[in-house]
Amino acid sequence: MAKKSVQDSSEIRASIANVAARFAAFKPGATVLTNVRGVRTIFPQIDAATRVGGWPIERIGLVHGPSAEGKTALELGLGLSFLKHNHFFGLCDSEFTTTEDWVREMFGEFTDHPGFSALRPHSYEATRDAMKQWAETIGEARDKGEIPKDTTGLLVIDSLKKLVPERMLEKLEKDATADGVGLDGMAGRAAMYKAALNGQLMDEFVPLAYHAKIALLLIGREMENANAGPWDPTYKLGGGKSIFFDSSIVARVSRSYYKEGDVVAGERHLVRIYKSKVGGKEGKYTDSYFHTSIGTVCKPGFDLASDVLEMAIESKVMAKKGGRHWLMDGGEVLGTSEAETLRYLREHETELKELEEKARVAYKPTEYEVPNG
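What you see is a predicted model, and the numbers here were worked out from it, not measured in a lab. (Residues numbered from 1 in each chain as written. Predicted model: local features only at pLDDT ≥ 70, side-chain atom pairs only at ≥ 80, totals over all residues. Heavy atoms only, no water.)

1. Topic: the layout of surface pockets
- Looking at the largest pocket, its volume works out to about 900 Å³.
- At the level of elements, α4 (71-84), α5 (100-107), β11 (301-302), α10 (304-314), α11 (338-347) and α12 (349-362) are the ones that each hand at least two residues to the lining of the largest pocket.
- Among the elements that make up the lining of the largest pocket, the one with the highest residue count is α12 (six residues).
- Looking at the lining of the largest pocket, its residues break down into 13 nonpolar, five polar and 14 charged.
- Here the second largest pocket is characterised by a volume of approximately 590 Å³.
- Lining the second largest pocket are 28 residues, with S67, A68, E69, G70 and T72 sitting closest to its centre.
- Its residues assigned to classes, the lining of the second largest pocket comprises seven nonpolar, twelve polar and nine charged. (1 Å grid on protein atoms, 1.4 Å probe; cavity = no way out; pocket = protein on both sides within 12 Å on 5 of 7 lines; lining within 4 Å. Points joined across faces, edges and corners; volume = space filled by probe spheres on them. Helix = DSSP H or I, 4+ residues; strand = E, 2+ residues; numbered from the N terminus. Nonpolar A, V, L, I, M, F, W, Y, C, P; charged D, E, K, R; others polar.)

What follows is the structure in structure tokens.
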């Protein structure tokens, strides 16, 4: 008797399900291809720009920009955000420049949070091993129920360029200039060697970040490229192409200054996200800002009031005419000058938080087309 052919769609699906259930490693696609999650940060504009409500986890990010214009401030702000939500923050200070005094100024009481740890590396390889152990330890502890199941972490390398491979250290110790082939003693091959190591690092951490459910942030150093604009994905970075192509989010930080009245209050940092495989659109970039006070008008550190006021005005939660600022939903005047409005917000934490929440809901970051060429 001929075998009955399966025609009904539900019968076909049932037979497929029976076969799929025997897969050893593959699981239902919807359970594996999960949506990107983010940790809410102290930077409301950046949270809006990422499109996932915070800094993405299970992903690798890359930040670069001119020297001393806000890259480390950004990484510390992101790290503080993770600590405030009782996550982990690991800082690999390969530049050997971040001090306890500065961190305490930016973090306050969170400087002593048990989730905050740091490393000043000896070599590239030792640092890579320490990073893997850090990520795997968090993942294993979560799987064992030792920490809440939604606990994550942010691991930062500042900067990638300063991680020196053991092979180069050995060569330098012997005599880097003895053979007359260059300071690194490798006839210019040092950059190629480090780029290969960076490629290996990315190969290891793309899946590790996902399985350990942590975020890795690389701080890159720019190289001169007169033919590229700051929005251009071909902007030259030291470290090889893999650090750009394997990163899910890439941003550039630059700086200007802002005043309150006639007084310079601090630094206004532009964070331009020009690559996002998180929640943005390819071929477009978004701009967001955060402010850091230098202590002339308020205590030094992150200036949330300036971030929120700027965001509230742009999202039309607050109106501004001349120096007068008022809430759109009730008409309440918060100040008759920008300095007065900011002073009010800094002195009334509840009102500041309420305004922040309203602005976060209403704010829609503008997406700009990346210019051709």
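From this point on, the discussion continues.
2. Comments concerning the pairing of strand β10 (residues 284-293)
- Most of β10 is tucked away, with eight of its ten residues classed as buried.
- Two elements, strand β9 (residues 263-276) and β10, share eight bridges in a ladder whose sense is antiparallel. By the bridge assignment, R268 is partnered in β10 with H291.
- Where β10 and β11 come together, two bridges link them in antiparallel fashion. Across the sheet, T292 pairs through a bridge with F302, a residue of β11. (Buried < 20%, exposed > 50% of the residue type's maximum accessible area, 1.4 Å probe, protein only. Pairing = 2+ DSSP bridges.)

3. Section: the pattern of salt bridges
- Taken as a whole and judged by the stated rule, the model has 22 salt bridges.
- The salt bridge partner of R37 is E58, with a shortest N-O separation of 3.0 Å. Of the two residues, R37 sits in the loop between α2 (29-32) and β1 (38-39) while E58 sits in the loop between β2 (55-56) and β3 (60-64), which places them 21 residues apart along the sequence.
- Taking relative accessible area as the criterion, R37 reaches 38% and is therefore assigned partly exposed. (Salt bridge = Lys/Arg side-chain N within 4 Å of Asp/Glu carboxyl O.)

4. Quick notes on the confidence of the model for the protein
- Looking at the protein, pLDDT values average 87 and 87% of them are 70 or higher.
- Across residues 176-183 the pLDDT falls below 50, and counting only partners more than four positions away or on other chains, this stretch makes 13 contacts in the model. (pLDDT = per-residue confidence, 0-100. Contact = heavy atoms within 4.5 Å.)

5. Some points on the sheet that holds strand β12 (residues 318-321)
- The three strands are arranged β12-β13-β14 in an open sheet whose pairing can be described as antiparallel. Since the sheet does not close on itself, it has two edges, and those belong to β12 and β14 (333-335), each with one partner. On average, adjacent strands in this sheet sit at an angle of 30° to one another, irrespective of strand direction.
- In terms of strand pairing, strand β13 (residues 324-327) meets β14 through two bridges, oriented antiparallel. Paired with W326 across the bridge in β14 is V333.
- Of the strands in this sheet, β12 and β13 are in contact with α10, which crosses β12 at around 90°.
- Against the sheet, α11 touches β12, β13 and β14, its axis set at about 105° to β14. (Axes fitted to C-alpha atoms, helices over the stretch in contact; angles between N-to-C directions.)

6. Thoughts on a nonpolar patch on the surface
- Among the surface-exposed residues, V19, F23 and F26 lie close enough to one another that they form a single nonpolar patch of about 340 Å² accessible area.
- When you line up the elements, F26 lands in the loop between α1 (9-20) and α2.
- Judged by relative accessible area, which is 68%, F26 ranks as exposed. (Patch = residues over 30% accessible without salt bridge, like charges linked within 9 Å, V, L, I, M, F, W, Y side chains within 5 Å. Areas by Shrake-Rupley, 256 points an atom, 1.4 Å probe, with all protein chains shown as cover.)

7. Section: the nonpolar core
- Within the largest apolar cluster, 35 residues are counted, with the highest numbers of intra-cluster contacts made by W55, L74, F89, F107 and L154.
- When contributions to this core are tallied by element, the ones reaching two or more residues are α3 (44-50), α4, β4 (88-93), α5, β6 (153-158), β7 (215-219), β8 (249-260) and β9.
- Considering every element that reaches this core, the biggest residue donor is α4, with seven residues.
- For L74, the contacting residues outside a window of four places in its chain are F43, I46, V63, V253, V271 and F290.
- Core analysis: the next-biggest nonpolar cluster, separate from the first, contains 30 residues, I60, I157, F244 and V250 among them. (Core = buried A, V, L, I, M, F, W, Y, C linked by side-chain atoms within 4.5 Å.)

8. Quick word on the packing of aromatic side chains
- This structure, assessed with the given rule, holds eight aromatic pairs.
- Look at F43 and F290: their rings are 4.6 Å apart centre to centre, the planes differ by 40°, and that puts the pair in the tilted class. In this pair, F43 is assigned in the loop between β1 and α3 and F290 in strand β10, connecting sequence segments 247 residues apart. Per residue, the accessibility class of F43 equals that of F290, and both read buried.
- Arranged with centres 5.7 Å apart and planes meeting at 75°, the rings of F43 and F302 form a pair that is edge-to-face. Here F302 lies in strand β11 and F43 lies in the loop between β1 and α3, a separation of 259 residues in the sequence.
- Judged by relative accessible area, which is 1%, F43 ranks as buried.
- Aromatic ring contacts, followed pair by pair, group F43, F290 and F302 into a single cluster.
- In this structure, K213 is placed above the aromatic ring of Y210, and the distance from its NZ or CZ to the ring centre is 5.6 Å.
- Positioned above the aromatic ring of Y289, the side-chain terminus of R268 is 3.6 Å from the ring centre. (Phe/Tyr/Trp six-rings, centres within 6.5 Å; stacked < 30°, edge-to-face > 60°. Lys NZ or Arg CZ within 6 Å of the ring centre and 35° of its normal.)

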